[in-house]
Amino acid sequence: MTKFKIEINRTTEKKQKPQFESLEFGKNFTDHMFVMDYTAGQGWHDPRIIPYQPLTLDPAAMIFHYGQSVFEGLKAYLTNDNEVLLFRPEKNMERLNKSNSRLCIPEIDEELALHALKELIAVDREWIPNVEGTSLYIRPFVISTEPYLGVAPSKRYKFIMILSPVGAYYKEGIDPVKIAVQNEYVRAVRGGTGTAKTGGNYAASLKAQELASLTGYSQVLWLDGKENKYIEEVGSMNIFFKMNGEVVTPELNGSILEGITRSSVLELLKYWNIPFSERRISIDEIFQAHADGQLEEAFGTGTAAVISPIGEFFWDNKKIIINDGETGSLSKKIYDTLTGIQKGIKPDPFGWSVKIEDKEAAAIK
Ligand SMILES: *Cc1c(COP(=O)(O)O)cnc(C)c1O
């Protein structure tokens, strides 16, 4: 018996499932969703699993006007033994509350959220794709729903979780990306909302992303908002470099998002006794290291791609190619280890994988 009571209302009309061989990111959604409401004075209430459906909101709902919202992103994986694994999901719920706190959204019971997620996945279990490299992407988010045009924290919210089967990020082996360094627009500044996972950060990033795409670059590397000099992160990924045998990544300086993949990579490096440091890294230093023949690898880290090797940087009219545009051996090793743990193929000495027990599924039948 669990201490949480989550109402379950199953759909009577199951949707047609997409072809699991050709899934696109974020386009298909499962049969159910989780919803919980917040009302000032009452707190969070009515946690429920209901058929996936549109929301009805007042046009004055605060989310439409001032963007008070947060989100998370994680994945569930089906193992070869037909078990369902989540990767460090408690970290996502913890970060959700950190983002909530920055955006003045009331805290959510992390245990309840994780429990609700497991139940939701159990209800929609048949939507977890079983094709190599695929997974079930999970999108928890909170929106402010009070109808009010004054600028203040909302008195009402909805916490929602939706699920989306997604395809393999790499269809034919890991493919290094080309990245344009952005030196006009900035994503975040210290004291801003860069450390929170909030939609506004992404709205602010679209312009630079669009410009980069026009010139054939798939992602933007952001520099610090003050001096336009120090490396922060890439699109929706944290960034790592291997220089002269050492791995470096920008320190958590108050404007970078603390990625769970980033933390996991740091823990792996420690476990493998590979020297690393978290520090300030200027873009000059990277181009200089390349000129000196010491820049061995660069890669991004994030839930979507896990590891995304970087083959090229463009900055200030200069272009550098890293490791001949090929995936480096460390990038590959980290990728294989993390995806191996996520899929339950490799040993998990850190206890990162969380299994959704069959009894969780059974309890809600
Ligand atoms: C989500 C996100 C990341 C990656 O975080 P993970 O927990 O590793 O998925 C990195 N940067 C930004 C801006 C993000 O929103």
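Rules of the game
In this numbering scheme, every chain counts its residues from 1 along its sequence in written order. The predicted origin of the model limits local features to residues at a pLDDT of at least 70 and limits the giving and counting of side-chain atom pairs to 80 or more, whereas totals for whole chains, interfaces and linings rest on all residues. Side-chain numbers here rest on the full set of heavy atoms in the structure, without hydrogens or water. A helix here means a DSSP run of H or I that spans at least four residues, while a strand means a run of E at least two residues long, and both kinds are numbered starting from the N terminus. Helices are assigned an expected span. That span is 1.5 Å times one less than the residue count. Take the seven residues that end at a residue and the seven that start at it, fit an axis to each, and the angle between those axes is the bend at that residue. Relative accessible area decides the class of each residue, using a 1.4 Å probe on protein chains only: under 20% of the type maximum gives buried, over 50% gives exposed, and in between gives partly exposed. Any two residues whose heavy atoms approach within 4.5 Å at even a single point are treated as in contact. Counting of polar contacts relies on pairs of N or O atoms within 3.5 Å, with two restrictions inside protein: one atom must be capable of donating a hydrogen and the other of accepting it, and residues adjacent in sequence are counted only when both atoms are side-chain atoms. By convention here, the domain bounds are inherited from an automatic or database domain assignment. The buried area of a pairing is the accessible area, by a 1.4 Å probe, that goes missing from both parts when the two are put together, added over both. Salt bridge, as used here: a side-chain nitrogen of Lys or Arg that lies within 4 Å of a carboxyl oxygen of Asp or Glu. Working definition: residue near molecule or strand if any one of its non-hydrogen atoms lies within 4 Å of it. Calculation of accessible area relied on Shrake-Rupley with a 1.4 Å probe; when residues are assessed, cover is drawn exclusively from the protein chains displayed. Lining residues are defined by having an atom within 4 Å of a point belonging to a cavity or pocket. Those points lie on a 1 Å grid over the protein atoms alone, cavities being sets where a 1.4 Å probe fits but cannot get out and pockets being open sets with protein on both sides within 12 Å along at least five of seven lines. Should more than half of a molecule's atoms lie within 2 Å of a pocket's or cavity's grid points, that molecule is taken to sit in it. Here the term charged refers only to Asp, Glu, Lys and Arg, the term nonpolar to Ala, Val, Leu, Ile, Met, Phe, Trp, Tyr, Cys and Pro, and the term polar to all other amino acids, Gly among them. Every axis in this analysis is a line fitted to C-alpha atoms, fitted for helices over the stretch in contact. Angles between the N-to-C directions lie between 0 and 180 degrees. Orientation categories follow fixed angle ranges, with anything under 35 degrees roughly parallel, anything over 145 roughly antiparallel, 65 to 115 roughly perpendicular, and all other angles oblique. If DSSP finds at least two bridges between two strands, the strands pair. For the handedness criterion, the strands are oriented away from the viewer, and a crossover whose path from the first strand over the helix to the second runs clockwise is classed as right-handed.

> Can you walk me through helix α4 (residues 199–214) in this structure?
Residue pairs spaced three or four apart in an α-helix point in one direction, given the helix's 3.6 residues per turn. Here α4 contains 16 residues, and its C-alpha end-to-end distance of 23 Å stays within 8% of the 22 Å for a straight helix at 1.5 Å per residue. Where α4 bends most, at Leu206, the angle is about 40°. Those residues of α4 lying buried are Asn201, Ser205, Ala208 and Ala212. Where α4 is buried, its residues touch β9 (177–182) and β10 (219–223). Just downstream of α4, Gly216 is the residue with a positive phi angle, here 90°.

> How should the side chain of Asp31 be read in this particular structure?
Positionally, Asp31 belongs in the loop between β1 (7–8) and β2 (32–39). Within the local environment of Asp31, its side chain forms a polar contact with the side chain of Trp127, the two groups lying 3.0 Å apart. Dropping the residues within four chain positions of it, Asp31 is found in contact with Thr11, Glu13, Lys14, Lys15, Ile50, Pro51, Tyr52, Asp124 and Trp127.

> How do you make sense of the domain arrangement of the protein when you look at a structure like this?
Frequently, the measure chosen for interface size is the accessible area that the parts lose on association. Per the domain assignment, the segments of the protein are domain 1 (7–167 + 348–363) and domain 2 (177–327). Relative to domain 2, the C-alpha centre of domain 1 lies at a distance of 28 Å. Across the contact, 20 residues belong to domain 1 and 19 residues belong to domain 2. Approximately 1,700 Å² of surface area, both sides summed, lies buried where domain 1 meets domain 2, with 60% of it carried by carbon and sulfur atoms. In terms of surface lost to domain 2, no three residues of domain 1 exceed Phe71, Arg95 and Arg102, which account for 34% of the buried area on that side. In this assembly, domain 1 and domain 2 are joined by two salt bridges.

> Even after reading the chapter, I still don't get the site of the ligand, so can you show me in this structure?
As a structural note, the neighbourhood of the ligand is formed by 15 residues, with Lys197, Tyr202, Glu233, Thr261 and Thr303 the closest of them. In this structure, an oxygen atom belonging to the ligand sits 2.5 Å away from a side-chain N or O atom of Tyr202. When isolated, the ligand has an accessible area of 380 Å², and the protein chains bury 97% of it. Most atoms of the ligand, that is more than half of them, are within 2 Å of grid points of the largest pocket. For the shell around the ligand, the per-class residue count stands at four nonpolar, seven polar and four charged.

> Can you walk me through the packing of helix α5 (residues 260–271) against helix α7 (residues 329–342) in this structure?
When two helices pack together, you describe them by how their axes are tilted relative to each other and by the distance separating the axes. Contact pair α5 / α7: the axes reach a minimum separation of 11 Å and the direction vectors enclose 110°. The orientation of α5 relative to α7 falls into the category roughly perpendicular. Of α7, the residues touching α5 (which contributes Thr261, Ser264, Val265, Leu268 and Leu269) are Leu330, Ile334, Thr337 and Leu338. The residue inventory of the contact of α5 with α7, partitioned by class, reads six nonpolar, three polar and no charged.

> Can you help me understand the environment of Met36 in this one?
In this structure, Met36 sits in strand β2. C-alpha separation for the pair Met36 and Phe159, spaced 123 residues apart in sequence, amounts to 5.2 Å. Filtering out sequence-adjacent residues up to four positions away, Met36 remains in contact with Trp44, His45, Asp46, Pro47, Arg48, Ile108, Leu112, Tyr157, Lys158 and Phe159.

> Please clarify how the pairing of strand β13 (residues 246–250) should be interpreted in this entry.
For β13, a buried count of four out of five residues is recorded, marking the element as mostly surrounded by other parts of the structure. Sheet analysis places strand β12 (residues 238–243) next to β13, joined by three bridges and oriented antiparallel. Opposite Met243, over in β13, you have Glu246 as the bridge partner. Here β12 folds back onto β13 in antiparallel fashion, the turn holding two residues, of which Asn244 has a positive phi close to 50°. When β13 meets strand β14 (residues 276–279), the two strands line up parallel, connected through four bridges. Opposite Pro250, over in β14, you have Arg279 as the bridge partner. The handedness of the β13 to β14 crossover, carried by α5, is right-handed.

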